[in-house]
Amino acid sequence: MSSEAYYVPSQSRWPILASIALFLLAYGAGSMINGLSSEESGSGGMILLAGAVLMALILIGWFGNVINESMSGLYSEQMDRSFRWGMSWFIFSEVMFFAAFFGTLFYVRTLAVPWLGGEGEKGVSNMLWEGFQAQWPLMTTPDMEQFPGPQQVIDPWHLPLLNTVLLVASSFTVTVAHKALKNNSRNNIVLWLAVTVMLAGAFLFFQAAEYIEAYEELGLTLHAGIYGATFFVLTGFHGLHVTLGTFMLLVIWLRVLRGHFEPENHFGFEAVAWYWHFVDVVWIGLFLFVYIL
Amino acid sequence: MRAIIHSLLLASWLFPCAAFADWGLNMPPGVTEISQAVFDLHMTIFWICVAIGVLVFSIMLWSIIHHRKSRGAKAHNFHENTLVEILWTVIPFFILVGMAVPATATLVKMYSTSDADIDIKVTGYQWKWRYEYLGEDLDFFSSLSTPREQINNSEEKSENYLLEVDNPLVIPVGKKVRFLFTANDVIHSWWVPAFAVKKDAIPGFINESWTVVNEPGIYRGQCAELCGKDHGFMPIVVEVKAEADYQQWLADAKAAKQTASDAATQDWSMEQLMAKGEQVYNTACAVCHQANGEGLPGVFPGLKGSAIALGDPAAHIDVVVNGKAGTAMQAFRDQLSAVELAAVITYERNAWGNNVGDMVTPAQIAAEKQ
Amino acid sequence: MTTLKHSVEAEHHHGPAKGLSRWFYTTNHKDIGSMYLWFSFAMFLTGGCMALMIRAELFQPGLQLIQPDFFNQMTTMHGLIMVFGAVMPAFVGLANWMIPMMIGAPDMALPRMNNWSFWILPFAFAMMLSTLFMAGGAPNFGWTFYAPLSTTYAPPSVTFFIFAVHMMGISSIMGAINIIATILNLRAPGMTMMKLPLFVWTWLITAFLLIAVMPVLAGVVTMMLMDIHFGTSFFNAAGGGDPVLFQHVFWFFGHPEVYIMILPAFGIVSEIIPTFARKRLFGYASMVYATASIAFLSFIVWAHHMFTVGMPLVGEVFFMFSTMLIAVPTGVKVFNWVATMFRGSMTFETPMLFALAFVVLFTIGGFSGLMLAIAPADFQYHDTYFVVAHFHYVLVPGAVFSIMAGAYYWLPKWTGNMYSEALGKWHFWLSFVGVNITFFPMHFIGLAGMPRRIPDYALQFADFNAIASVGAFIFGFSQLLFLYIVIRCIRGGDKATDEVWEDPEGLEWTVASPAPYHTFSEPPLVK
Ligand code: HEA
Ligand code: HEA
Ligand code: CUA
Ligand SMILES: [Cu+2]
């Protein structure tokens with residue numbers, strides 16, 4: 001927080017490299033996915049991998065630059081605010097991304113499935129699916145041959161409840177770590193961040209266990225009709241965000257070990273904490289609307 | 001001067017409107033009560049917009065002419081006036097309310113599908129319509145009948161170019177007809193402007209709509225939702241007949257269906273099958289697999305030299321009769337009679353140098369259809 | 001302070017780096033703005049050539065030049081390229097150039113991310129255009145890509161289309177975040193929110209819309225991807241999904257998207273009209289509130305694109321009313337512009353001509369929009385050329401004209417040279433005449449019943465289609481003149497003064513022409 005004027009970085013090669021990496025990622029993923037359904041083996045996977053590695057390196061380099069600039073005091077308070085605005089709006093965009101899937105869930109539950117089952121204003125549609133009845137969770141789909149419904153769904157009061165506890169707890173521990181940072185008690189930061197990461201890891205572990213159970217025992221798959229589709233897309237994208245968040249937590253943990261962050265200047269830390277709370281809140285929504293209700 | 005400009009301006013607005021009634025380029029008022037209501041609504045909003053437009057553009061033009069620097073105009077200094085700002089927020093709002101009332105009334109009428117005399121289920125297929133008269137044993141497909149040659153400009157285009165079909169939908173005059181729309185593959189939209197009925201046909205769901213037509217006649221429309229390659233080539237023709245003529249037509253149509261199924265028990269020779277097959281192929285299959293059997297690479301597979309056309313006839317019959325779920329290849333079991341199916345499969349196995357030599361009989365098809 | 005010298009001050013003296021690395025590695029808002037603008041123009045030509053292909057095929061009934069499947073690919077790519085490649089990047093380009101200068105900021109808030117936002121675009125569009133050469137052809141399901149035509153029945157290239165959309169989304173979101181951060185955080189001292197130029201205000205709100213809806217687009221294409229490749233049934237009734245669900249999610253994005261393409265245009269026009277009317281903008285505050293109301297309403301009107309899908313009656317009525325309401329704040333804007341001209345002292349340089357044409361032609365497009373909003377009437381208009389006429393009126397003489405107006409208005413500031421006023425006027429009049437010949441007849445053929453997205457049509461539509469096609473070629477080729485004018489202006493011409501126009505308002509006119517590579521390393525004081 002030393003300089004008065006706004007810091008405008010000089011030329012940087014990261015952006016264009018990152019664009020190339022993104023292109024490779026997208027192109028590779030596209031080729032690979034298209035290869036899946038046409039049974040051709042292509043170079044898609046390799047391109048994807050190359051893109052991923054390149055992207056990882058770039059992110060390390062790019063964030064490395066930012067960290068160095070920050071540590072050498074190039075950033076002003078104003079710069080700090082730019083980062084804060086940036087992160088807040090990024091999280092807002094993530095909220096809207098999930099909103100699309102929650103909207104989907106509400107739409108099918110309150111409109112599409114009842115209509116197909118003969119209820120409501122478009123209930124005549126049931127003519128096409130004789131015998132189909134609306135229920136949620138959707139165990140019997142309109143066309144069981146094409147989309148065999150699940151035999152069973154996840155019981156919210158076992159793993160999901162445990163996961164809720166884990167994630168909520170981790171939101172607390174990350175806050176404790178933040179407090180510790182503000183009080184400059186380095187050991188406590190390290191400890192509580194480590195706990196947070198462990199809680200996150202446990203969450204991911206149980207989530208994986210749940211998926212395996214769903215696929216192997218419950219017949220709850222992506223293919224199991226709209227219940228499975230909404231279930232996996234919501235919990236799956238949440239899981240991806242937890243994974244990303246866990247990485248971010250790990251990174252700041254390592255940075256703390258290296259002595260980064262000051263009690264009154266630690267935006268990187270806060271950004272990760274915000275993100276983590278966001279992930280937590282999404283989970284509460286999931287627990288309510290996907291598992292319980 | 002000002003008066004002249006104003007009248008010119010007004011005239012330039014009125015002219016096209018007056019004219020397009022003569023050229024037939026406005027919305028047709030149609031032949032049902034609903035379509036009339038819609039037409040009136042359309043003209044009302046149109047004239048309101050014209051009036052507001054004339055007002056706004058006149059003031060603007062007036063400023064452009066009178067308040068130009070080259071005429072020595074000096075800029076005034078005002079840049080706010082709460083009263084006018086409130087007025088031009090509130091007045092448009094009430095104009096809108098004025099439009100919303102009749103619009104809602106019409107909408108409510110359009111939505112009352114109860115108490116129909118006849119129910120017809122309309123199913124969109126790529127790229128034809130299927131009409132099922134519910135409660136009557138009648139069910140047929142309706143597709144474009146304009147010859148390819150006209151489309152490819154090698155023949156003179158006929159009067160109803162692209163708006164003609166082989167089997168039009170027939171309904172009686174003065175009866176409330178309820179339509180149940182759905183689709184077999186992608187979304188289509190059934191639209192006959194003269195009835196002001198346009199409703200999407202959505203696969204897996206049913207949408208309802210209705211009409212009462214007061215004048216006998218032939219009414220034409222088109223599919224109004226992009227549904228793939230031949231979206232532009234799936235017209236709708238509705239013949240509205242007097243009650244007696246309608247009953248006659250109904251009886252004839254049922255009789256014709258019986259004759260067609262009798263044909264299946266006849267004996268068919270290879271030549272007969274090939275000749276009929278070519279005809280069926282060109283009407284039912286060539287849109288996708290192309291007249292030369294080569295298909296469109298990447299979209300529709302070629303049948304010329306294809307493994308299926310050269311291989312086991314059972315597999316070939318299966319794919320044509322039952323289609324392939326989740327692809328554009330639809331089931332033809334209801335669309336074509338046993339004879340037509342036998343003919344077209346025989347044709348595919350022996351045309352374009354696919355000289356397998358075997359013949360598929362109507363009996364085989366009948367067995368598969370069970 | 002010493003380190004600061006190293007970064008900003010040092011470059012200040014050097015100016016831009018030499019060679020290609022200037023463009024690849026730049027963090028300068030002006031360079032990035034220029035790249036956006038050139039990219040947008042290239043896409044405008046590309047999308048325009050596709051439009052010309054469409055218009056050439058529709059010149060006469062019958063199939064002459066291209067086959068139906070390719071025609072659909074052209075329609076789809078034309079729509080996508082114009083929307084995501086031409087109009088949106090052009091506005092982002094203008095934002096990059098002008099916002100920092102207008103608010104007295106040294107640059108954009110996050111300069112490296114700014115460059116990333118730009119550079120993703122060429123790659124995204126390279127991927128999108130490459131689908132034209134893939135087996136089965138490019139996306140052929142319209143720019144609205146309704147399921148299941150775009151899922152179960154789509155060509156394999158749809159996978160790449162989906163990823164291209166993801167990339168564009170990432171680019172737009174980052175661009176928008178940057179703009180918001182810049183506006184909220186980098187204003188010069190004294191530049192309060194209610195002193196912001198309207199272009200800045202409209203962009204602030206546009207950026208908010210972008211961040212709110214681009215992720216939804218990403219969500220819906222992701223669901224498509226899952227339906228196509230991973231066996232889900234979001235848009236398939238057989239598994240309990242609904243094809244119409246796709247449309248709801250798409251239009252939740254799609255309708256705000258069309259306002260994303262018009263709000264910055266409102267901003268530009270609100271800058272230009274006061275300058276050439278030599279009078280302050282009438283009703284500044286109500287302009288701001290109107291923009292915000294339009295943005296708010298844009299979230300609750302989406303299903304007016306879906307009146308014919310068979311929504312329940314209440315839905316139909318709700319969306320009809322909310323849509324009609326948009327006419328109120330938009331009307332406020334139109335009236336304010338007219339009131340600004342009223343009793344002004346007007347001159348008619350090229351930017352003003354485009355701005356005036358904007359006001360008139362956009363309003364005509366708005367009126368047809370209002371007609372479309374009347375649900376029962378929309379049953380007749382929907383998916384006909386009347387809709388095509390509506391949205392081209394708001395997009396071409398709307399969005400595109402405003403971009404051209406902005407380009408002429410600020411070109412002297414960017415290059416330091418005046419463009420040729422005579423040629424500019426030629427460009428304007430050719431465009432104005434061309435655009436109306438192209439799109440006005442579409443109202444008629446639409447009302448007479450010609451559906452959109454068809455490669456061939458019944459005989460009664462022939463005359464007006466021929467006229468529209470002629471207009472399209474006039475309008476299209478006039479744009480080459482624009483290219484020439486811009487290049488000539490960059491190369492030289494009469495020197496522009498710092499103010500360029502007669503006493504214009506705004507900080508951008510206080511810096512030199514051409515604007516120095518770094519403006520406002522010292523924040524100006526705004527009174
Ligand atoms: C820049 C883009 C833009 C803008 C600004 C608008 C503005 C509006 N649009 Fe448009 N629209 C599109 C782009 C845009 N649209 C596109 C691309 C499509 C087609 C998508 C596709 O299917 O491919 C479309 C389609 C579309 C439809 C669907 C049609 C259909 O498919 O059946 C509807 C229906 O309600 C509609 C309505 C409106 C309305 C009410 C406005 C309003 O905002 C207009 C408000 C303005 C005015 C009304 C004029 C000025 C006001 C006054 C002078 C005040 C007084 C006036 C009165 C009281 C009447 N639009
Ligand atoms: C901002 C958006 C935008 C813009 C600017 C335009 C511009 C134009 N559009 Fe359109 N258009 C859309 C957005 C836009 N469009 C959308 C969203 C659709 C719906 C798609 C769908 O249905 O899915 C559509 C659909 C659409 C259709 C309907 C297609 C159909 O339903 O099948 C038509 C038909 O006439 C058309 C025509 C035109 C024309 C003639 C122009 C002209 O204004 C274009 C003028 C520009 C040029 C012609 C380029 C100039 C350059 C040259 C001529 C020189 C070439 C030289 C070199 C390359 C060196 N457009
Ligand atoms: Cu069927 Cu378009
Ligand atoms: Cu809209």
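**Regarding the site of ligand 2**
Residue and element names in this part refer to chain C. Near ligand 2, the surroundings consist of 33 residues, among which Arg55, His78, Trp143, His392 and Arg453 are the closest. Interatomic distance of 3.1 Å between a side-chain N/O atom of Thr75 and an oxygen atom of ligand 2. Take Arg452: an N or O atom from its side chain is 3.1 Å from an oxygen atom of ligand 2. Elements supplying a minimum of two residues to the shell around ligand 2: helix H3 (29-57), helix H4 (68-103), helix H15 (385-415), helix H16 (421-447) and helix H17 (462-491). Among the elements that make up the shell around ligand 2, the one with the highest residue count is H3 (eight residues). Here the shell around ligand 2 is built from residues that sort into 22 nonpolar, eight polar and three charged. For the shell around ligand 2, the domains that each give at least three residues are domain 1 (26-243) and domain 2 (262-518).

**Observations concerning the interface of chain A and chain B**
Tallying the contact residues gives ten residues for chain A and eleven residues for chain B. For the pairing of chain A and chain B, the buried interface totals around 850 Å² over both sides, and the portion due to carbon and sulfur atoms is 72%. For the pair chain A and chain B, the interface holds zero salt bridges. Classifying every residue of the side of chain A that touches chain B gives seven nonpolar, one polar and two charged.

**Brief notes about the coordination of the iron atom of ligand 1**
Coordination of the iron atom of ligand 1 by the protein comes from a single atom, His390(C) (NE2), at 2.2 Å. With respect to the helices and strands, His390(C) occurs in helix H15.

**Concerning the site of ligand 1**
Contacts to ligand 1 come from 33 residues, most closely from Trp143(C), Tyr259(C), Asp378(C), His382(C) and His390(C). Of the chains in the model, those with residues near ligand 1 are chains B and C. Tyr259(C) is positioned with one of its side-chain polar atoms (N or O) 2.6 Å from an oxygen atom of ligand 1. Leu372(C) places a main-chain nitrogen or oxygen 3.5 Å from an oxygen atom of ligand 1. The set of elements that each furnish at least two residues to the shell around ligand 1 consists of helix H8 (243-260), helix H12 (327-341), helix H13 (350-373) and H15 of chain C.

**Regarding the packing of aromatic side chains**
For the structure shown, the criterion picks out 106 aromatic pairs over all chains. When the centroid spacing of 5.6 Å and the interplanar angle of 75 degrees are considered together, the rings of Tyr347(B) and Trp352(B) count as edge-to-face. No difference in accessibility class separates Tyr347(B) from Trp352(B), as the two residues are buried. Measuring from ring centre to ring centre gives 5.1 Å for Phe145(C) and Phe250(C), while their planes differ by 80 degrees; the resulting arrangement is edge-to-face. Remark: Phe250(C) occurs in helix H8 and Phe145(C) occurs in the loop between helix H5 (111-130) and helix H6 (158-185); sequence separation between them is 105 residues. Residue Phe145(C) shares its accessibility class with Phe250(C), and that shared class is buried. Through a chain of ring-to-ring contacts, the aromatic side chains of Phe84(C), Phe141(C), Trp143(C), Phe145(C), Tyr146(C), Phe161(C), Phe234(C), Phe235(C), Phe246(C), Phe250(C), Trp251(C) and Phe253(C) assemble into a single cluster. Positioned above the aromatic ring of Trp14(A), the side-chain terminus of Arg13(A) is 5.1 Å from the ring centre. One Lys or Arg, Lys176(B), reaches over the ring of Trp210(B) and ends 4.4 Å from the middle of that ring.

**As for a nonpolar patch on the surface**
Residue and element names in this part refer to chain A. Together, Trp157, Leu161, Val165, Ile284, Leu288, Ile292 and Leu293 make up a nonpolar patch on the protein surface, roughly 600 Å² of accessible area in all. Among the elements of the structure, helix H4 (159-182) and helix H7 (267-292) are those that each provide at least two residues to the nonpolar patch. A total of three residues in the nonpolar patch trace back to one element, the largest contributor, which is H7. Within the element layout of this structure, Leu288 appears in helix H7.

**Thoughts on the domain arrangement of chain A**
What the domain assignment lists for chain A is domain 1 (11-74) and domain 2 (89-292). If you average the C-alpha positions of domain 1 of chain A and of domain 2 of chain A, the two centres end up 25 Å apart.

**A few points about the environment of Met341(C)**
Looking at the secondary structure, you find Met341(C) in helix H12. Judged by its relative accessible area of 0%, Met341(C) falls in the buried class. Residues Met341(C) and Phe276(C), spaced 65 residues apart in sequence, show a C-alpha to C-alpha distance of 8.6 Å. Not counting residues up to four positions away in its chain, the partners in contact with Met341(C) are Met60(B), Ser63(B), His67(B), Ile273(C), Ala277(C), Met346(C) and Leu356(C).

**Comments concerning helix H2 (residues 44-71) of chain A**
Residues and elements named next belong to chain A. Between the first and last C-alpha of H2 there are 40 Å, a value that for 28 residues agrees with the 40 Å anticipated at 1.5 Å per step. Within the span of H2, buried status applies to Gly44, Gly51, Met55, Ile58, Gly61, Trp62, Val66, Ile67 and Glu69. Positive phi shows up at Gly73, right after H2, with a value of about 75 degrees.

**So, the interface of chain C and chain B**
At the junction of the two partners, chain C supplies 96 residues and chain B supplies 94 residues. Taking both partners together, chain C and chain B bury about 7900 Å²; carbon and sulfur atoms supply 72% of that area. Counting across the interface, chain C meets chain B through one salt bridge. Between Glu502(C) and Lys69(B) there is a salt bridge; the shortest N-O distance is 2.7 Å. Run the count over chain C and chain B and you get 24 residue pairs in polar contact (both at pLDDT 80 or more). The biggest single contributor to the side of chain C that touches chain B is H12(C), with nine residues. Looking at side-chain class alone, the side of chain C that touches chain B contains 60 nonpolar, 23 polar and 13 charged residues.

**Let's talk about the domain arrangement of chain B**
Under the domain assignment, chain B is made up of domain 1 (24-67 + 80-112), domain 2 (118-256) and domain 3 (264-369). Each of domain 1 of chain B and domain 3 of chain B has a C-alpha centre, and these two points are 56 Å apart.

**Things to note about the environment of Lys121(B)**
Among the secondary structure elements, Lys121(B) is positioned in strand E1 (residues 118-125). Contact partners of Lys121(B), with chain neighbours within four places excluded, come to Met127(A), Leu128(A), Arg130(B), Tyr131(B), Glu132(B), Leu134(B), Leu180(B) and Thr182(B).

**A word on the sheet that holds strand E3 (residues 138-142) of chain B**
Residues and elements named next belong to chain B. Within the open sheet, the five strands sit side by side as E3-E2-E1-E5-E8. Their pairing is mixed. Each of the sheet's edge strands pairs with one partner strand only, and the pair in question is E3 and strand E8 (207-211). Strand-to-strand twist across the sheet, computed as the mean angle between neighbouring axes with direction ignored, equals 25 degrees.

**Some remarks on the environment of Trp14(A)**
Residues and elements named next belong to chain A. Tracing the backbone shows Trp14 in helix H1 (residues 14-38). Assessed through its relative accessible area of 14%, Trp14 is described here as buried. Residues Trp14 and Ala229, 215 residues apart in the sequence, show an inter-C-alpha distance of 37 Å. Not counting the four nearest positions on each side in its chain, Trp14 is found in contact with Ile58, Gly61, Trp62 and Asn65.

Conventions we followed
- Residues numbered from 1 in each chain as written.
- Chains lettered and ligands numbered in written order.
- Predicted model: local features only at pLDDT ≥ 70, side-chain atom pairs only at ≥ 80, totals over all residues.
- Heavy atoms only, no water.
- Near = heavy atom within 4 Å.
- Polar contact = N/O pair within 3.5 Å; in protein donor to acceptor, adjacent residues only side chain to side chain.
- Helix = DSSP H or I, 4+ residues; strand = E, 2+ residues; numbered from the N terminus.
- Nonpolar A, V, L, I, M, F, W, Y, C, P; charged D, E, K, R; others polar.
- Domains from an automatic or database assignment.
- Contact = heavy atoms within 4.5 Å.
- Buried area = accessible area lost by both parts, 1.4 Å probe.
- Salt bridge = Lys/Arg side-chain N within 4 Å of Asp/Glu carboxyl O.
- Donors = N, O, S within 2.8 Å, 3.2 Å for Na, K, Ca; no water.
- Phe/Tyr/Trp six-rings, centres within 6.5 Å; stacked < 30°, edge-to-face > 60°.
- Buried < 20%, exposed > 50% of the residue type's maximum accessible area, 1.4 Å probe, protein only.
- Lys NZ or Arg CZ within 6 Å of the ring centre and 35° of its normal.
- Patch = residues over 30% accessible without salt bridge, like charges linked within 9 Å, V, L, I, M, F, W, Y side chains within 5 Å.
- Areas by Shrake-Rupley, 256 points an atom, 1.4 Å probe, with all protein chains shown as cover.
- Expected span 1.5 Å × (residues − 1).
- Pairing = 2+ DSSP bridges.
- Axes fitted to C-alpha atoms, helices over the stretch in contact; angles between N-to-C directions.

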